[in-house]
Amino acid sequence: MYLVTGATGHVGGPVARQLHEQGYSVRALVRDPARAASLPAGIGLAVGDLDDPASVSKAITGAEAIFLMQVGTGTEQTKTMIAAAHDAAVPRIVLLSSAG
């Protein structure tokens, strides 16, 4: 299963859709499930926030890879995801960062 952050946005959304269309199991980490209504049926949802380590740890359960869309400044959210991935033995994280 692939965990995709930013799946309701302009970058993470297409990533989630393409993985799903190629037959991969996808879970989107979203803050607001209502914003995920446009995602295809079959993409799982994990409600949480990158600023909440407990919700990240829960969302990452069972993942084999992560797409992390990091926006803004600072590295705390990235550190949270890396720590959760390490604890869950997830071997791959793809990071795309944007400072605004």
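Note: the structure precedes this text.
Residues numbered from 1 in each chain as written. Predicted model: local features only at pLDDT ≥ 70, side-chain atom pairs only at ≥ 80, totals over all residues. Heavy atoms only, no water.

(A) Examining the pairing of strand β2 (residues 26-30) more closely. Of all five residues making up β2, four are buried, and the element is well covered by its neighbours. As judged from the four bridges shared by strand β1 (residues 2-5) and β2, these two strands associate in the parallel manner. Within β2, the residue paired with V4 across the bridge is A28. Crossover β1 to β2 through helix α1 (residues 12-21) is right-handed. Where β2 meets strand β3 (residues 44-47), four bridges bridge the pair, whose relative direction is parallel. (Buried < 20%, exposed > 50% of the residue type's maximum accessible area, 1.4 Å probe, protein only. Helix = DSSP H or I, 4+ residues; strand = E, 2+ residues; numbered from the N terminus. Pairing = 2+ DSSP bridges. Right-handed = clockwise from strand over helix to strand, strands pointing away.)

(B) Examining a nonpolar patch on the surface more closely. A cluster of nonpolar side chains, I82, I93 and L95, forms an exposed patch at the surface whose accessible area comes to about 250 Å². Looking at where I93 falls in the secondary structure, it is placed in strand β5 (residues 93-98). The partly exposed category is assigned to I93, whose relative accessible area is 33%. (Patch = residues over 30% accessible without salt bridge, like charges linked within 9 Å, V, L, I, M, F, W, Y side chains within 5 Å. Areas by Shrake-Rupley, 256 points an atom, 1.4 Å probe, with all protein chains shown as cover. Salt bridge = Lys/Arg side-chain N within 4 Å of Asp/Glu carboxyl O.)

(C) Looking closely at the side chain of T78. With respect to the helices, strands and loops of the structure, T78 is situated in helix α3 (residues 76-88). What T78 contacts, discounting residues up to four positions off in sequence, is L68, Q70 and L95. (Contact = heavy atoms within 4.5 Å.)

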